[in-house]
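# Architecture at a glance
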Amino acid sequence: MAAQRDSGSARLRVRPVQAAYRQVAEQLRTQIVSGALPSGSRLPSETELGSMFGVSRSTVREALRQLASQHLIDTTRGVTGGSFVASPDAGAIADNLGGSLGLLVNSRTMSVDHLLEARLLLEPYAARQAAERATPEDLEALARTVGRTGHLDPDDGFTVHWDFHTTLVSISGNPLLHVMCSPINAVLRGRMHRDRVGRQAWESIDEDHAKVYEAVAGGEAETAETLVREHLLGLRPLYERMED
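Read on for a plain summary of the structure. Just so it is clear, the model here is predicted, and its values are computed rather than measured.

## Observations regarding the pattern of salt bridges
All told, the structure shown has nine salt bridges when counted by the stated rule. The partner of R57 in a salt bridge is E46, with the nearest N and O atoms 3.3 Å apart. Pair noted here: R57 is in helix α4 (residues 57-69) and E46 is in helix α3 (residues 46-53), with a separation of eleven residues, a long-range link. Classification of E46 by relative accessible area gives partly exposed; the value is 22%. Here E62 makes a salt bridge to R65, at a shortest N to O gap of 2.8 Å. Linking E62 with R65, this pair stays in helix α4, spanning three residues, or about one helical turn. Linked through salt bridges whose partners overlap, the residues forming this network are R128, E132, E225 and R229.

Here is the structure:
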């Protein structure tokens with residue numbers, strides 16, 4: 001009989017019961033992410049939420065703290081205060097993703113090849129879109145990131161190169177591409193040692209960037225896409241030399 005009970009227990013699938021505040025936060029998070037609670041919506045008061053969920057105000061308060069830490073809600077005080085569904089901020093989201101991605105990469109479960117493959121999926125398409133959509137102001141911003149970097153301090157040179165790529169993606173007109181690309185590039189920058197590569201290699205990269213800029217500025221979408229893809233593929237051996 002005991003063996004039968006053990007066998008039944010082994011087949012039973014059980015989901016551990018979460019703390020009450022986690023369950024409240026999860027339900028609210030689901031409604032926010034799905035759009036059922038759109039940006040700017042004011043949440044019910046802590047007392048009202050407690051009544052709706054059948055939990056104490058302290059439980060609701062902890063759930064709201066969790067949502068605020070994830071940048072899903074903003075809380076203000078005063079007569080007109082309360083908790084509101086946050087408006088999306090691409091920069092803040094990218095920074096948040098970058099921290100999480102950095103932990104994953106530093107655990108060495110993700111290789112530089114994985115990160116480069118992701119860039120190859122995203123950045124050439126972003127270059128095509130930039131060539132089709134960039135405004136004069138966008139092109140001025142991109143032009144400011146094109147220049148000679150071989151003579152610069154390694155950190156300063158890296159900043160110029162990353163600025164070129166992040167600006168190129170940002171002027172694609174698709175904020176989601178920016179959110180996806182920025183953390184990947186930030187993590188790669190943290191793993192690379194620019195001083196392991198000679199000046200000539202960086203001058204070649206500068207020339208690649210200048211060619212991409214000319215294609216984007218000229219509205220040559222297909223050329224821009226091809227140039228960025230070839231540029232990223234050419235970086236692979238440099239990444240191998242620069243990696244930790």
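## So, α4
With 13 residues, α4 should cover 18 Å at 1.5 Å per step; its first-to-last C-alpha distance of 18 Å lies within 8% of that length. Within α4 the residues assigned to the buried category are T59, V60, A63, L64, Q66 and L67. Down the axis, α4 shows its buried residues gathered within 155° of arc, on one side only. Next to the buried residues of α4 lie α2 (20-34), α3, β1 (73-76) and β2 (82-85). Once α4 finishes, H71 follows within two positions and takes phi at roughly 60°, a positive value.

## Here we look at the side chain of R119
Within the element layout of this structure, R119 appears in helix α6 (residues 112-133). The contact partners of R119, leaving out residues within four places of it in the chain, are P124, W162, H165, I184, N185, L188, L232, L235 and Y239.

## Structural notes on the pairing of β1
Relative to β2, β1 runs antiparallel, the two being bridged by four bridges. Paired with T75 across the two strands is S83, which belongs to β2. What sits between the antiparallel neighbours β1 and β2 is a turn of five residues, in which G78 has the positive phi angle 105°.

## As for empty space enclosed by the protein
Inspection of the entire model under this criterion finds one cavity of 30 Å³ or more. In this structure, the largest cavity encloses a volume near 110 Å³. Residue lining of the largest cavity: 13 residues in total, with H161, W162, W202, L235 and Y239 positioned closest to the centre. Contributions of two or more residues to the lining of the largest cavity are made by α8 (154-170), α10 (199-217) and α11 (221-242). Here the element with the most residues in the lining of the largest cavity is α11; it accounts for five residues. For the lining of the largest cavity, the residue count by class is eight nonpolar, four polar and one charged.

So, how was this worked out
Residues numbered from 1 in each chain as written. Predicted model: local features only at pLDDT ≥ 70, side-chain atom pairs only at ≥ 80, totals over all residues. Heavy atoms only, no water. Salt bridge = Lys/Arg side-chain N within 4 Å of Asp/Glu carboxyl O. Helix = DSSP H or I, 4+ residues; strand = E, 2+ residues; numbered from the N terminus. Buried < 20%, exposed > 50% of the residue type's maximum accessible area, 1.4 Å probe, protein only. Expected span 1.5 Å × (residues − 1). Arc of directions from axis to C-beta. Contact = heavy atoms within 4.5 Å. Pairing = 2+ DSSP bridges. 1 Å grid on protein atoms, 1.4 Å probe; cavity = no way out; pocket = protein on both sides within 12 Å on 5 of 7 lines; lining within 4 Å. Points joined across faces, edges and corners; volume = space filled by probe spheres on them. Nonpolar A, V, L, I, M, F, W, Y, C, P; charged D, E, K, R; others polar.

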